[in-house]
There are 2 protein chains.
Amino acid sequence: MATRTDAPTRREQILKEAARLFAERGFHGVGVDEIGAAVGISGPGLYRHFPGKDAMLAELLVGISEQLLTGARRRLAETGGAAGPEAVLDSLIEGHIDFALDDRPLITLHDRELDRLRDSDRKLVRQLQRQYVELWVEVVRKVHPGLAEPAARSAVHSVFGLLNSTPHLGRPGSSPGRAATAGLLHRMARGAFAAASPAAG
Amino acid sequence: MATRTDAPTRREQILKEAARLFAERGFHGVGVDEIGAAVGISGPGLYRHFPGKDAMLAELLVGISEQLLTGARRRLAETGGAAGPEAVLDSLIEGHIDFALDDRPLITLHDRELDRLRDSDRKLVRQLQRQYVELWVEVVRKVHPGLAEPAARSAVHSVFGLLNSTPHLGRPGSSPGRAATAGLLHRMARGAFAAASPAAG
DNA sequence: CCATCAGGTTAACGAGCGCTAACGTCCCTG
DNA sequence: CAGGGACGTTAGCGCTCGTTAACCTGATGG
């Protein structure tokens, strides 16, 4: 019988620590020796698990993009049929906020270190990101039909900027607490979308 | 008599190109030779104008922070007396949007490369940023008295995230055009603040 | 009981970096 | 017309980095 949720493998440890370090000091600012030290082994030992430093970043960024996209598709499928588009949008916002609050280092990496990837990986990540954005755009336009498509796309990007501000919001366990912060971000995102339409007073 | 606005000096050229390169590939990802090449001189020639690579980044970040803060104070002084706090908030938003749209590389650097600074410079930048945030917080709380101070501070940080999303919004001259983008961002920022209060329906 | 292999170790290489040294060349000024 | 400062250049130093090579060890399994 397997242990509950299978204790984190070495690869996963490495990815987690690498994400934290990359987010703190940037991809080029972190040496492989530091990443190794963070998981208790030393520098070149990492090469038993990854072909190189680039590969760690690639796996992180692709993983983030896939996780966001598949999560959004799942939420769309679950919420889409039963309730109206408003419920779908709320679910998308909730999912993004959960991710931004629980994996702050990854959110930081997601739009910061994309240019350090090999061409093929970068193309893949951008494609996943684009699909994620387009999924949001469709839902937003159902909730706010007065919004033209280019404006909706800009609005989605801007709301991502709003939701991804979590790294600036004081460390977990500080001022407002997680639930309050999530609620605040959710209301602000909805308010921002609602105000995006030029017609709205 | 001086020429109109004094043709850009070598220092200013260097700072502008360095900002662009740092924003594109990160502080550690850009070599001094590249910065030199971007202004038509080669690597070590930069050291006639700056004591080191770090100094360029420091001057950029301190300059940004000072420009934002002094601009906000000026707007507060100009708009504060005559009209109500709503007009002040609109003016702050407008100023921040102008900056985010006109100096995208600087906006990118502003919250990305802060940790690469020497301790003293980083302290200075953080202090300027904090004053800028607090100025916003006060104005926001006058417009939305139902908002507690910690929530207001979080809301301000989140709206900065929204406004600073301009680098993701398609290069200048694309889809919506500058005025339309500025208007969209402005409405969304106001909508986000308005929705931040828990009481709001 | 020994072969294998996963997962480490240390040593060292080659490239690239920021920066300094030494030198050249205008241009301004007394 | 000296002389000096502003502003370049190229050569090269010292260091750090990512990566490879060579070796070690403990668990596994036929």
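The structure we're discussing is the one just above.
A. Structural context of the overall build of chain A. From N to C terminus, chain A includes eight helices and zero strands. Its helices and strands in sequence order give chain A the pattern α-α-α-α-α-α-α-α, from N to C terminus. Along the longest, intermediate and shortest principal axes, the C-alpha atoms of chain A span 60 × 40 × 40 Å. When the 201 residues of chain A are sorted by exposure, 49% land in the buried category. Accessible area for chain A stands at about 9600 Å²; split by element, carbon and sulfur atoms hold 53% of it. Once the 26 positive and 24 negative side-chain charges of chain A are each reduced to a mean point, those two points are 1 Å apart.

B. How the structure looks around the interface of chain A and chain B. On the chain B side, the residues contacting the 33 residues of chain A number 33 residues. Summed over both sides, the interface between chain A and chain B buries roughly 2700 Å², with carbon and sulfur atoms accounting for 61% of that surface. Across the chain A-chain B interface, the total number found is zero salt bridges. At the junction of chain A and chain B, the tally comes to 12 residue pairs in polar contact (both at pLDDT 80 or more). Of all elements in the fold, only α1 (10-25), α7 (149-163) and α8 (178-196) of chain A reach the threshold of two or more residues within the side of chain A that touches chain B. Ranked by the residues each element gives to the side of chain A that touches chain B, the list is headed by α7 of chain A, at nine residues. Its residues assigned to classes, the side of chain A that touches chain B comprises 14 nonpolar, 12 polar and seven charged.

C. Inspection of the relation of the copies chain A and chain B at higher detail. Turning chain A through 180 degrees and shifting it by 0.0 Å along the axis lays it on chain B, with an RMSD of 0.0 Å. Between the two chains, the operation in question is that of a two-fold axis. A share of 100% of interface residues in chain A that are also interface residues in chain B marks the association as one of identical surfaces.

D. Representation of the pattern of salt bridges. Per the stated rule, a full pass over the model turns up 36 salt bridges over all chains. Between D90 of chain A and R190 of chain A there is a salt bridge whose closest N-O contact spans 2.9 Å. You can see D90 of chain A sitting in helix α4 (residues 85-102) and its partner R190 of chain A sitting in helix α8, a full 100 residues away along the chain. Take R190 of chain A: its relative accessible area is 18%, and that puts it in the buried class. Close ionic contact of R153 of chain B with E149 of chain B constitutes a salt bridge, the shortest N to O distance being 2.9 Å. Taken together, the residues R153 of chain B and E149 of chain B, both in helix α7 (residues 149-163) and four residues apart, mark about one turn of the helix. Overall, R153 of chain B belongs to the partly exposed group, its relative accessible area being 25%. Owing to a relative accessible area of 35%, E149 of chain B belongs among the partly exposed residues under this scheme. Here the salt bridges share partners, and the residues they tie into one network are E17, R20, E24, R25 and E34 of chain A.

E. Geometry of the nonpolar core. With 124 residues, the main nonpolar core has F22, I35 and W136 of chain A together with F22, I35 and W136 of chain B as its most contacted residues. Residues contacting F22 of chain B, with those up to four places away along its chain left out, are F27, V30, I35, K53, L57, L60, L109 and E113 of chain B.

F. Quick look at the protein's contact with DNA strand D. Close to DNA strand D lie 15 residues; Y47 and K53 of chain A together with R10, R48 and H49 of chain B are nearest. Considering DNA strand D, the proportion of its atoms within 4 Å of the protein that are sugar or phosphate atoms stands at 53%. Between DNA strand D and V30 of chain A, the relevant distance is 3.2 Å, taken from a phosphate oxygen to a main-chain nitrogen or oxygen of the residue. A distance of 2.8 Å is found between a phosphate oxygen of DNA strand D and a side-chain nitrogen or oxygen belonging to H49 of chain B. Of the residues belonging to the surface near DNA strand D, the class tally is six nonpolar, five polar and four charged.

G. Looking closely at the protein's contact with DNA strand C. Lining the immediate surroundings of DNA strand C are 15 residues, of which R10, R48 and H49 of chain A together with Y47 and K53 of chain B lie closest. Across the atoms of DNA strand C situated within 4 Å of the protein, the share located in sugar and phosphate is 52%. In the model, a phosphate oxygen of DNA strand C is placed 2.8 Å from a nitrogen or oxygen of the H49 of chain A side chain. Take V30 of chain B: an N or O atom from its main chain is 3.1 Å from a phosphate oxygen of DNA strand C.

Quick notes on the rules
Residues numbered from 1 in each chain as written. Chains lettered and ligands numbered in written order. Predicted model: local features only at pLDDT ≥ 70, side-chain atom pairs only at ≥ 80, totals over all residues. Heavy atoms only, no water. Helix = DSSP H or I, 4+ residues; strand = E, 2+ residues; numbered from the N terminus. Buried < 20%, exposed > 50% of the residue type's maximum accessible area, 1.4 Å probe, protein only. Areas by Shrake-Rupley, 256 points an atom, 1.4 Å probe, with all protein chains shown as cover. Lys, Arg positive; Asp, Glu negative; His and termini not counted. Charge placed at Lys NZ, Arg CZ, Asp CG, Glu CD. Contact = heavy atoms within 4.5 Å. Buried area = accessible area lost by both parts, 1.4 Å probe. Salt bridge = Lys/Arg side-chain N within 4 Å of Asp/Glu carboxyl O. Polar contact = N/O pair within 3.5 Å; in protein donor to acceptor, adjacent residues only side chain to side chain. Nonpolar A, V, L, I, M, F, W, Y, C, P; charged D, E, K, R; others polar. Least-squares fit on C-alpha atoms with pLDDT ≥ 70 in both. Core = buried A, V, L, I, M, F, W, Y, C linked by side-chain atoms within 4.5 Å. Near = heavy atom within 4 Å.

Limitation: the analysis is restricted to geometry and does not speak to function.
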